Amino acid sequence: MVSTIKHYVSVASCWARLAVQRQLEYPLFLVSWLLMIPIQYFSGIWMLKIIVDRFQALNGWDFPQLTFLYGLGLISHGIFVVFFINTWSMDYMVINGGYDRLLLRPMNVFFQLVASYVNFIGLIDCIPGIIIFLYGAEIAGFHWSIANIGKLVLVLIGGILIRAALFTSLGTIAFWTKRNGSMVGFALTMLERATMYPLSIYPYFLQAIFTFIIPIGFISFYPAAEFLNIDSGQFDLPLSFALWTPLVGVICFLIAGGIFKFGMKNYESAGS
């Protein structure tokens with residue numbers, strides 16, 4: 001068991017080094033991302049500022065609280081695109097026969113899918129997210145206690161797993177449909193909106209969907225509401241929302257793994 005784990009870690013670290021080397025091959029591309037990504041995310045927080053100043057707080061959430069919420073979601077997004085970005089392009093591997101290569105190796109197929117490409121450039125997504133979160137935590141009065149820091153780490157882990165589960169499940173659809181790019185694009189937009197604004201501003205049925213069916217409310221909304229002592233709206237669950245998030249993340253990830261394994265049975269290779 002220990003030797004197997006060491007082998008997997010060794011293979012993952014080798015793939016990571018190769019991925020970083022490939023991405024550093026074109027430094028101007030890296031520079032372009034350093035310019036574009038911060039502009040995109042900082043313009044998002046500026047839009048929230050305009051909405052609150054011109055109109056009113058969003059269902060009781062003022063600008064400092066919205067900044068905290070937005071930054072929390074961005075950090076989990078940034079870490080997700082570093083380690084799980086291959087789940088966005090699973091249909092491409094179905095069409096070009098990329099899974100044939102994974103099936104021939106004596107290793108777990110999903111592990112190979114995830115570990116074969118570490119998106120080093122994705123760390124750039126984390127930079128504005130961390131800045132926005134720290135700024136939001138400061139102006140919203142977040143208390144940096146040991147307990148809150150521990151909960152924050154659990155929330156980020158859970159948020160990453162929820163995101164990974166969603167895109168793994170959507171990617172698996174490509175085993176039947178061959179193409180799923182439009183669904184991935186829709187999911188990205190849905191996640192951006194649902195983690196940028198309070199879930200409580202949406203109709204009841206959407207809140208229920210984003211809590212119990214597609215539980216993206218646990219990525220940032222419910223934990224942020226608990227951290228900042230804000231009413232989370234319609235649903236009141238036992239225990240801490242910050243503890244629910246990693247639990248929901250693990251459950252969703254295990255379900256997504258089962259869906260992926262089932263989908264692999266329908267893989268037909270690319271043919272000739």
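Numbering of residues starts from 1 in each chain and follows the order in which that chain's sequence is written. Only residues with pLDDT of 70 or above have their local features reported here, since the model is predicted, and side-chain atom pairs are shown and tallied only from 80 upward, although totals for entire chains, interfaces and linings are computed over all residues. Processing note: side-chain calculations cover all non-hydrogen atoms of the structure and skip hydrogens and water entirely.

Some points on the packing of helix α8 (residues 146–172) against helix α13 (residues 241–264)
To be explicit about the condition: Lines are fitted to the C-alpha atoms to define the axes, a helix being fitted only along its stretch in contact, and any angle between axes, read from their N-to-C directions, falls within 0 to 180 degrees. Counting from the N terminus, the helices are the DSSP runs of H or I reaching at least four residues and the strands are the DSSP runs of E reaching at least two. Should an angle fall under 35 degrees it is taken as roughly parallel, and over 145 as roughly antiparallel, whereas 65 to 115 is taken as roughly perpendicular and any remaining angle as oblique. Two helices cross in a left-handed way if the nearer one is turned anticlockwise from the farther one by less than a right angle. They cross in a right-handed way if the turn is clockwise. Classification used: nonpolar for Ala, Val, Leu, Ile, Met, Phe, Trp, Tyr, Cys and Pro, charged for Asp, Glu, Lys and Arg, polar for all others including Gly.
One way to put it is that α8 packs onto α13 with a least axis distance of 7 Å and a crossing angle of 25°. One element, α8, and the other, α13, form an angle in the roughly parallel class. Judged by the sense of rotation from one axis to the other, the crossing of α8 with α13 is left-handed. Partitioned by chemical class, the residues of the contact of α8 with α13 number 16 nonpolar, eight polar and one charged.

Some details on the pattern of salt bridges
Put simply, the test is: By definition, a salt bridge exists where a carboxyl oxygen of Asp or Glu is found within 4 Å of a side-chain nitrogen of Lys or Arg. To sort residues, take the accessible area from a 1.4 Å probe on protein chains only and compare it with the maximum for the residue type: under 20% means buried, over 50% means exposed, and anything in between is partly exposed.
Counted according to the given criterion, the structure contains two salt bridges. Between D53 and K49 there is a salt bridge, with the nearest N and O atoms lying 3.5 Å from each other. Residue D53 and its partner K49 are both found in helix α2 (residues 27–54); the two are separated by four residues, about one turn of the helix. Taking relative accessible area as the criterion, D53 reaches 49% and is therefore assigned partly exposed. On the basis of relative accessibility, which here comes to 28%, the residue K49 falls in the partly exposed class. Across the pair E226 and K151 runs a salt bridge whose closest N-O atoms are separated by 3.6 Å. With E226 in helix α12 (residues 221–227) and K151 in helix α8, this residue pair connects regions lying 75 residues apart in the sequence. With a relative accessible area of 22%, E226 lands in the partly exposed category. The class for K151 is partly exposed, based on a relative accessible area of 26%.

Brief notes about helix α10 (residues 181–196)
Rules: To estimate how far a helix should extend, the number of its residues minus one is multiplied by 1.5 Å. Residues count as neighbours in contact if any of their non-hydrogen atoms are within 4.5 Å of one another.
End to end, α10 covers 23 Å across 16 residues, agreeing with the expected 22 Å (1.5 Å per residue, within 8%). When α10 is considered as a whole, its buried residues turn out to be V184, A187, M190, L191, A194, T195 and M196. Among the structural elements, α2, α3 (63–83), α8 and α11 (204–213) are those in contact with the buried residues of α10.

Some points on the UniProt feature "transmembrane region" (unreviewed entry) in the chain
The test is simple: UniProt positions are given in the numbering used here, feature names are shortened, and annotations may be inferred rather than shown by experiment.
With numbering aligned to this structure, UniProt lists the feature "transmembrane region" (unreviewed entry) at residues 26–48, 68–88, 109–137, 149–176, 197–221 and 241–260. Taken end to end, residues 68–88 comprises 76% helix and 0% strand; its first and last C-alpha atoms sit 27 Å apart. Between the end C-alpha atoms of residues 241–260 the distance is 28 Å, and the span holds 100% helix and 0% strand.

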